[in-house]
Amino acid sequence: MSILSGKNILLGISAGIAAYKTATLVRLFIKAGANVKVVLTPSAKDFVTPLTLSTLSKNPVHSSFTNEDDDNDTWNNHVELGLWADFMVIAPATANTMSKMANGTCDNLLLATYLSAKCPVYFAPAMDLDMYKHASTKTSLNKLQDFGNILIPAESGELASGLVGEGRMAEPEHILSFIENDILGKLPLKEKTVLITAGPTYEAIDPVRFIGNHSSGKMGFEIAKAAANLGANVILITGPTNQSVTHNLIQVIPVISAQEMYQEAHKYFAKCDIAILSAAVSDYRPKHVANQKIKKNTDDLVLELVKNKDILASLGAIKQHQFLVGFALETNNELENAKQKLKKKNLNLIVLNSLNDKGAGFKSQTNKITLIDNKERISEFELKSKADVAVDILNEIISQLNE
Ligand code: CTP
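Under the annotation held in an unreviewed UniProt entry, the chain carries the name Coenzyme A biosynthesis bifunctional protein CoaBC and is attributed to Mangrovimonas spongiae.

See below:
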């Protein structure tokens, strides 16, 4: 899956011959799973048609402040476009458009959108080699980079003039991989390994029966996905659940029992940077597991249980550089109990769920959490989807790691 999947990309096209390649670029962005909107400078329409671009992008394409097809009474809101975008790509960026961007000129929709955009802006210059070498072009290039815009360097080769040299717009495939690599390189959890436990554990009574619980595993899986989307290598140790995930940064390790989860967690703990233990581990397991199915030939059946090792506490006891996060599900005296658990298990952060909060906990799609860190700082969050809760937890971890 491309890192661009689900991202909103605003493509700004200025008037250079390389504009004909933007049809391919839009196609590549769409294939990568991105949402694409296109803004053209008025003269760019001489090189590539709005119809081609709107068909490929599946969105209306604009080149002026008012909508030409609508008797000029619909305003194309450059501020909204700028806010919609996760990032803007200006390709081709002609000498003229770059100069205007560098100087704050705002005489077309593309430039107004660029000035309004708060997101990262990539620009891919395209022009003849002498124009590219010109001191004024270099000044624009430098100024634009000083403003924080990201240059996708021009390539060398045959130019539309017939001359050969530097100035050709980067090929659409190269623009795509440049942006993907740039985003991946800046992800906050890049090169971090995150260990996550999720789901319930099943403790065998006999070959067909077990002691388990209603944990869906959803919270742990959402944390795994969010961590991978932030660039982490994720080791997801999960008890039996209906959840599934396919992501090239997530290694799923299925286990059944608490003992197996304990072993796997210890196997990977040394190499992880962050460990988030969200599994609902069975506190007890049957002392003896029957080899055969237990027959119902007595009126009473007593199962002798023994305590499972606390995986979280055992990791807390050996932790070195790792940032260790646990969960606490409480019904009363929530904050105090959670603080005690944090201390007792030597955690950096604890995620408190209160069963008194509607929509929080095991089977629900939502969760309401309070985070408490080892300096006793407390942050309360609203009821949110578990996917959003996962992002809140990871953002807190990232901000603490950067402290
Ligand atoms: N945990 C664990 N191994 C266990 C039991 C719990 O790793 N054998 C972890 C859970 O994954 C969770 C946290 O410890 O992160 C929960 O702590 P626990 O003390 O079990 O608290 P509660 O589940 O809230 O239950 P109780 O208050 O009954 O102890």
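Enquirer: So what exactly am I meant to see when it comes to unusual backbone geometry here?
Expert: Glycine aside, residues mostly have negative phi angles, and peptide bonds mostly take the trans form. Along the chain, alanine 91 connects to proline 92 via a cis peptide bond; the corresponding omega equals -10°. With respect to the element layout, proline 92 can be found in strand S4 (residues 87–93). At glutamate 191, a position not held by glycine, the phi torsion is positive, near 65°. Structurally, the position occupied by glutamate 191 is in the loop between helix H8 (172–186) and strand S9 (193–198). The phi torsion at asparagine 346 lies on the positive side, around 55°, for a residue other than glycine. Topologically, asparagine 346 is positioned in the loop between helix H12 (334–344) and strand S18 (349–354).

Enquirer: How should the domain arrangement of the chain be read in this particular structure?
Expert: It is common to give the size of an interface as the accessible area lost on bringing the parts into contact. Domain boundaries assigned for the chain yield domain 1 (8–185) and domain 2 (193–401). A C-alpha centroid distance of 46 Å is found between domain 1 and domain 2.

Enquirer: In this structure, what is going on with the packing of aromatic side chains? I would like to understand it.
Expert: Aromatic ring pairs are described here by two measures, namely the spacing of the ring centres and the angle between the planes. Across all of its chains, the model carries 3 aromatic pairs by this definition. For the ring pair tyrosine 122 and phenylalanine 178, a centre distance of 6.4 Å and an interplane angle of 90° mean the geometry is edge-to-face. Placement of the pair is tyrosine 122 in strand S5 (residues 121–125) and phenylalanine 178 in helix H8, with a sequence separation of 56 residues. Note on phenylalanine 178: relative accessible area 26%, which makes it partly exposed. Consider the rings of tyrosine 202 and phenylalanine 210, whose centres lie 3.7 Å apart with planes at 10°: the pair is stacked. Residue tyrosine 202 is classed as partly exposed on the basis of its relative accessible area, which comes to 25%. Here a set of aromatic residues connected by ring pairs shows up, and it is made of Phe87, Tyr122 and Phe178.

Enquirer: What am I meant to see in H8 here?
Expert: With 15 residues, H8 should reach 21 Å at 1.5 Å per residue; the first-to-last C-alpha distance of 21 Å fits that figure. If you check which residues of H8 are buried, you get Pro172, Ile175, Leu176, Ile179, Glu180, Asp182 and Ile183. Angular distribution of buried residues about the axis of H8 spans 165°; they occupy a single face of the element.

Enquirer: Please explain the site of the ligand as it appears in this structure.
Expert: For the ligand, the set of nearby residues contains 14 residues, the closest of which are Leu277, Ala279, Leu312, Phe327 and Lys341. One of the backbone nitrogen or oxygen atoms of leucine 312 is found 2.9 Å away from an oxygen atom of the ligand. Contact between the ligand and lysine 341: an oxygen atom at 2.7 Å from a side-chain N or O atom of the residue. Considering the ligand on its own, with 570 Å² of exposed area, one finds that the protein chains cover 75% of that surface. Mapped by element, the contributors of at least two residues to the shell around the ligand are helix H11 (311–318) and strand S17 (323–330). Looking at the shell around the ligand element by element, the count peaks at 4 residues for S17.

Enquirer: Please explain the sheet that holds strand S2 (residues 35–40) as it appears in this structure.
Expert: Backbone hydrogen bonds are what pair the strands of a sheet, in a parallel or an antiparallel way. Strand order in the open sheet formed by 6 strands is S3-S2-S1-S4-S5-S6, with parallel pairing between adjacent strands. Looking at the sheet topology across the chains shown, the edges are occupied by strand S3 (61–62) and strand S6 (150–151). Of the strand pairs in this sheet, S5 and S6 are connected by 2 bridges, and their pairing is parallel. Note that in S6 the partner of phenylalanine 123 across the bridge is leucine 151. Helix H1 (residues 22–31) rests against strand S1 (8–13), S2 and S4 of the sheet, and its axis sits at about 175° to S1.

Enquirer: I'm lost on the environment of glutamate 382 in this one. Help?
Expert: Secondary-structure assignment places glutamate 382 in the loop between strand S21 (378–380) and strand S22 (384–385). Overall, the relative accessible area of 61% leaves glutamate 382 in the exposed class. On a C-alpha basis, the gap between glutamate 382 and leucine 312 in space is 26 Å, while along the polypeptide they are 70 residues apart.

About the thresholds
Residues numbered from 1 in each chain as written. Predicted model: local features only at pLDDT ≥ 70, side-chain atom pairs only at ≥ 80, totals over all residues. Heavy atoms only, no water. Helix = DSSP H or I, 4+ residues; strand = E, 2+ residues; numbered from the N terminus. Domains from an automatic or database assignment. Phe/Tyr/Trp six-rings, centres within 6.5 Å; stacked < 30°, edge-to-face > 60°. Buried < 20%, exposed > 50% of the residue type's maximum accessible area, 1.4 Å probe, protein only. Expected span 1.5 Å × (residues − 1). Arc of directions from axis to C-beta. Near = heavy atom within 4 Å. Polar contact = N/O pair within 3.5 Å; in protein donor to acceptor, adjacent residues only side chain to side chain. Areas by Shrake-Rupley, 256 points an atom, 1.4 Å probe, with all protein chains shown as cover. Pairing = 2+ DSSP bridges. Contact = heavy atoms within 4.5 Å. Axes fitted to C-alpha atoms, helices over the stretch in contact; angles between N-to-C directions.

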